[in-house]
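If you want the building blocks of each chain, they are given just below.
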Amino acid sequence: MTKWHDLLKEEGKPPDWPYPIRYEEEQEIETDVLVIGGGIAGCWAAISAARKGATVALVEKGDTIRSGAGGPGCDHWCNVPANPLSNVDPDEWAQHMAESMYSNGIGTQIQCREDYDALLEMEQMGGKLRDTGDEYVGAQGRDEKTKFMISPRYTRVHSYIPGSQKPRTFKSNPDQKLNNVVIRVWGTTFKPALKKECQRLGVKIYDRVMVTSLLTEGGIQGARVVGVTGFNNRTGEFMVFKSKAAVLAAAGNFSLWMLNTELAGYNTFRSRNSTGDGVAMAWRAGAALTLMERTGIMMLGTGYKHTWYGGAGDASYENVQLVDANGKKLPWPTQGWADAGAMRPTPEDMEKISRGVQTGEYALPFYGDFPAMPDIERRATWNLMLGEESTTKIIIDTYNKAGFDPSKHLLQNYNFIEGTSPSQWRTAGGGGPVLDWDLKSTLDGLYVAGEQTFSAGDHSYAAATGRYAGRKAADYSQQVGEPKISKEQVALEKARAYAPIKRSDGIEWKELHAGIARAMQYFCSEYKTESLLNMGLDTLRDIEENHVPRLYALDPHKLMRSLEDLSLLTHGQIILQASLARKASSRMLNFFRIDHPEVDPPEWNKFVTVKLENGKVKAGELPLTYWGNLKDNYEAHNKDYQGVCKG
Amino acid sequence: MAQEKVYAIPNITTPNTPVIFNPDICNGCNQCVEVCQIDVFIPNPEKGKPPIILHPEECWYCGCCVNDCRRPGAITFNWPLQQRGYWKDKSTGKVFRA
Ligand SMILES: Cc1cc2nc3c(=O)[nH]c(=O)nc-3n(C[C@H](O)[C@H](O)[C@H](O)COP(=O)(O)OP(=O)(O)OC[C@H]3O[C@@H](n4cnc5c(N)ncnc54)[C@H](O)[C@@H]3O)c2cc1C
Ligand code: SF4
Ligand code: SF4
């Protein structure tokens, strides 16, 4: 009796809404530092700001205990060149990473300098990062002294595709030893430890609260950020937060092109809560954004299938050889010591495999050959990597319970048989606010961290940038005067946010979502021209003017989903505007304009920026390495950096 | 046999049962309700009973509800039919499915 309709039958009526409804109530909270999003970056920001003595409020849409992409776990602490087993210099590694076009040099430098410190702090909080139980003695990469387990990933270059980057000798590693820049960790322990540390430090956590807008001084677009509005997605209570500094850490948008709202958890890779709210609110407040025109093609979870099931050949399946149905080895990297953790075949090998499938040389389906692995490597991959990676834990538990034995059984892979055309399945490609060396946006009082930054990295990047943004925001909060909130701006936002609950008929969030996704599929996919992009803007404007005013929500949860749609709508508009502003094609941005076919012409090798000024879209540009010398600037901005927190 | 009452209710979403609760083991502590970032569940109106599945189609299959439950067997994951994985015995060639 745990399904809604069971209860209906039992009680003769649907269950009552289980939480008190408080649409009419309002809370006002004052804090030095406000953190938007309690994922990895947000928790770290809150912790480091609190350690600096600031009062901190952390606002999270779900529950901080397991929320965000990193909530369930993490198995790779990537790009940690400052670890004692590393053979490369952190600054040289950062420079190497930042050389790839449209990267985020500032975030990368911070990650490479500080994510080892963050890792040690993670351990202080109760996170597990060493093989203290000696479970994996004998596994390659395990160091007996530190009990760290190095992953084969990036042991040659920062890349997943063999040969996609020129082989290079690092000055700091002239003998070409393995770089050893990625550590295997027990990341299922991380998120609860972070929440506990926030609580221990007195961070005020507001779980189940969706932030809906940034408040600016005098309500003026482009002015200093002085707070946010939000509402509790269980009770509907309205919340106004007044802050001296805010850290935006609400991550990205993974469902803008996704038509179907059922089964979507598989397709979106990130959870449904990832809807681009952060970018939408920064845009409305007047922050400059960049790389918004970039899109990524979703390789994961396309076609309603979850490739974390993949048997081999993606993320955590280290050292697993992919074989065909007859046991023949495929020219597919094993993501292991043999190929420095490479995970995707070269284009030539991919072509060979495709042809082989057609001619019968390679029989479908493919399998991950776990039985062929040395026992210790197999255990490290199955129990540690897949066990800790994240959403994979429940997957391997399911297999184990169903009788799968990796020493005897081949795990099926779904390449080819799931369909090979991912073109519809896109995701916003990691654009975000323009940042300076304090991780400050172009708005005073607004800092940015984690996947909310443009060209963000991964879990350890989120941790390091969150930790950094938190301390910079705390410093700023100690220098500025009292924030003043515009009552008018709050009232306007409340009217916008609560409009859907005033109606019980019209258009529901799922239909609105599909309508927006369809517009993006038609007008902002592989066929981009000025007129198609403008048709996209017209369609979204039509949706905004004629359908959003009919949006209705029957309870606070549906109100949250409805407001997320409005974020998606804004996010779509920003992407279209940025796409119009870039009048050239670019391979690195996965951005191809039929009317501007030249790919990466030198004069367009720059960041295009967009922002709202007095309600009007303004485009601008920044040089590709606008951050200057990474090492010098990092050092100039962090003279007082204290390293690992003591206790 | 008494005719069961039939209600007019909309189609049920897909998936609709991401997890299965065992009411004999679950004590209704609602820990799973709290760890779910999506709010797939709501507490059962009757105290001590397993939660109600309210938003199953929003589940992202993270597994946290099952992983974090402290009462073994109270909640088990129930993969939607089309998502169940396959494997093969290397020596016999027999194919299995989760
Ligand atoms: C299945 C999976 C496996 C992964 N494995 C690894 C790995 O092994 N190693 C690795 O390095 N990386 C891994 N990653 C990536 C890593 O988890 C992310 O890079 C990292 O979590 C990003 O941190 P973040 O804080 O920027 O975003 P998140 O952790 O996603 O946090 C963002 C938070 O903001 C909240 N939020 C959003 N909008 C609002 C709003 N309007 N109001 C309030 N709160 C809001 C969200 O609820 C969320 O909790 C994995 C990701 C996934 C999905
Ligand atoms: S399934 Fe487990 S966590 Fe959920 S209510 Fe029951 S006992 Fe508590
Ligand atoms: S698997 Fe994750 S999203 Fe689904 S119900 Fe459980 S906790 Fe919620």
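Residues numbered from 1 in each chain as written. Chains lettered and ligands numbered in written order. Predicted model: local features only at pLDDT ≥ 70, side-chain atom pairs only at ≥ 80, totals over all residues. Heavy atoms only, no water.

## Thoughts on the site of ligand 1
All names here are of chain A. In the vicinity of ligand 1 lie 32 residues, with A41, E60, D75, D277 and E451 positioned nearest. A distance of 2.7 Å separates an oxygen atom of ligand 1 from a polar atom in the side chain of D75. About the coverage of ligand 1: the protein hides 96% of its 990 Å² of free accessible area. Those elements giving two or more residues to the shell around ligand 1 turn out to be α2 (40-51), β7 (209-216) and α11 (459-479). Sort the elements by how many residues they give to the shell around ligand 1 and β7 lands first, with three residues. Looking at side-chain class alone, the shell around ligand 1 contains 14 nonpolar, 10 polar and eight charged residues. Built from parts of two domains, the shell around ligand 1 gets at least three residues from each of domain 1 (26-72 + 190-297 + 427-477) and domain 3 (308-413). (Near = heavy atom within 4 Å. Polar contact = N/O pair within 3.5 Å; in protein donor to acceptor, adjacent residues only side chain to side chain. Areas by Shrake-Rupley, 256 points an atom, 1.4 Å probe, with all protein chains shown as cover. Helix = DSSP H or I, 4+ residues; strand = E, 2+ residues; numbered from the N terminus. Nonpolar A, V, L, I, M, F, W, Y, C, P; charged D, E, K, R; others polar. Domains from an automatic or database assignment.)

## Brief notes about the site of ligand 3
Residues in close proximity to ligand 3 include C36, I38, V40, F41, C59, W60, Y61, C62, G63, C65 and F77 of chain B, which together make up its full environment. Tallied by class, the residues present in the shell around ligand 3 amount to 10 nonpolar, one polar and no charged.

## Some details on the sheet that holds strand β10 (residues 289-290) of chain A
All names here are of chain A. Read from one edge of the open sheet, four strands run β16-β10-β18-β19, paired in antiparallel fashion. Taken across any chain shown, the strands that pair with only one partner, and hence form the sheet edges, are β16 (432-433) and β19 (616-623). Relative to strand β18 (residues 606-613), β10 is paired through two bridges, and the arrangement is antiparallel. Pairing of L289 across the sheet is with V610, part of β18. Across the sheet, helix α7 (residues 277-285) touches β10, β16, β18 and β19, and the angle it forms with β18 is around 65°. (Pairing = 2+ DSSP bridges. Contact = heavy atoms within 4.5 Å. Axes fitted to C-alpha atoms, helices over the stretch in contact; angles between N-to-C directions.)

## Re the domain arrangement of chain A
Residues and elements named next belong to chain A. On domain assignment, one finds that chain A holds domain 1 (26-72 + 190-297 + 427-477), domain 2 (76-184), domain 3 (308-413) and domain 4 (488-622). Computed over C-alpha atoms, the centres of domain 2 and domain 3 are 23 Å apart. Interface area, domain 2 with domain 3, both sides summed: about 1,800 Å², of which 65% is carbon and sulfur. On the domain 2 side of the interface with domain 3, the three residues burying the most area are Y136, P152 and R184, jointly 34% of the side's total. Counting every contact that joins domain 2 to domain 3 gives one salt bridge. Among the ionic pairs, E318 bridges to R184, the shortest N-O distance being 2.7 Å. At the boundary of domain 2 and domain 3, one finds eight residue pairs in polar contact (both at pLDDT 80 or more). By residue class, the composition of the side of domain 2 that touches domain 3 is 11 nonpolar, six polar and four charged. (Buried area = accessible area lost by both parts, 1.4 Å probe. Salt bridge = Lys/Arg side-chain N within 4 Å of Asp/Glu carboxyl O.)

## Describing the interface of chain A and chain B
On the chain B side, the residues contacting the 63 residues of chain A number 54 residues. Taken over both partners, the interface formed by chain A and chain B buries close to 5,000 Å², and the fraction arising from carbon and sulfur atoms is 58%. In this assembly, chain A and chain B are joined by seven salt bridges. Taking the shortest distance from any N to any O, the salt bridge between D39 of chain B and R208 of chain A comes out at 3.4 Å. The tally of links between chain A and chain B comes to 26 residue pairs in polar contact (both at pLDDT 80 or more). Looking at the side of chain A that touches chain B, the elements that each hand over two or more residues are α1 (4-11), α6 (264-268), α10 (392-402), β14 (409-412), α13 (509-523) and α15 (556-581) of chain A.

## Side note on the sheet that holds strand β3 (residues 76-77) of chain A
All names here are of chain A. Reading across the sheet, the three strands line up as β3-β5-β4 and stay open at both edges, with antiparallel pairing between neighbours. Taken across any chain shown, the strands that pair with only one partner, and hence form the sheet edges, are β3 and β4 (149-150). Looking at chain direction, β4 and strand β5 (residues 183-184) are connected through two bridges and run antiparallel. The residue bridging M149 from the neighbouring strand is R184, located in β5.

## Details of the packing of aromatic side chains
Applying the stated criterion across every chain yields a total of 30 aromatic pairs over all chains. A centroid spacing of 6.3 Å and a plane angle of 75° characterise the contact between F231 of chain A and Y498 of chain A, whose relative ring orientation is edge-to-face. Within this pair, whereas F231 of chain A is found in strand β8 (residues 225-232), its partner Y498 of chain A is found in helix α12 (residues 487-498), the two being separated by 267 residues in sequence. Judged by its relative accessible area of 4%, Y498 of chain A falls in the buried class. Each ring, one from F404 of chain A and one from W87 of chain B, has its centre 5.6 Å from the other, and the planes form 75°; the classification is edge-to-face. Taken as a pair, F404 of chain A in the loop between α10 and β14 and W87 of chain B in strand β5 (residues 86-89) lie in two separate chains rather than in one. Comparing F404 of chain A with W87 of chain B shows no difference in burial state: the two are buried. Counting every residue linked through ring pairs, the aromatic cluster contains Y317, F370, W382, Y399 and F404 of chain A together with W87 and F96 of chain B. (Phe/Tyr/Trp six-rings, centres within 6.5 Å; stacked < 30°, edge-to-face > 60°. Buried < 20%, exposed > 50% of the residue type's maximum accessible area, 1.4 Å probe, protein only.)

## Some points on the packing of α7 of chain A against α15 of chain A
All names here are of chain A. Relative orientation of the contacting elements α7 and α15 amounts to 65°, with a least axis distance of 8 Å. By the criterion of interaxial angle, the relationship of α7 to α15 is roughly perpendicular. For the crossing formed where α7 meets α15, the hand is left-handed. Here D277, V279, A280 and W283 of α7 come into contact with α15, specifically with E564, S567, T570, H571 and I574. By residue class, the composition of the contact of α7 with α15 is four nonpolar, three polar and two charged. (Parallel < 35°, antiparallel > 145°, perpendicular 65-115°, else oblique. Left-handed = near helix turned anticlockwise from the far one by under 90°.)

## Details of α10 of chain A
Taken together, the buried positions of α10 of chain A are occupied by T392, I394, I395, I396, T398 and Y399 of chain A. Elements that come into contact with the buried residues of α10 of chain A comprise α9 (375-388) and β14 of chain A together with α2 (64-67), β4 (75-77) and β5 of chain B. One or two steps after α10 of chain A, the chain reaches G403 of chain A, where phi turns positive at roughly 105°.

## Describing the packing of α9 of chain A against α10 of chain A
Residue and element names in this part refer to chain A. Following both chains from N to C, one finds α9 and α10 inclined at 140°, their axes separated by 6 Å at the closest point. With respect to α10, the element α9 is oriented oblique. In this structure, α9 contributes W382, M385, L386 and G387 to the contact, and α10 contributes T392, K393, I396, Y399 and N400. Class assignment for the residues of the contact of α9 with α10 results in five nonpolar, three polar and one charged.

## Some points on the environment of C74 of chain A
Structurally, C74 of chain A is set in the loop between β2 (56-59) and β3. Separated by 314 residues in the primary sequence, C74 of chain A and E388 of chain A have C-alpha atoms spaced 5.8 Å apart.

## Observations concerning the environment of W79 of chain B
Looking at where W79 of chain B falls in the secondary structure, it is placed in the loop between β4 and β5. Between the C-alpha atom of W79 of chain B and that of C32 of chain B, which follows or precedes it by 47 residues, the distance is 17 Å. There is a polar contact of 2.9 Å between the side chain of W79 of chain B and the side chain of T398 of chain A.

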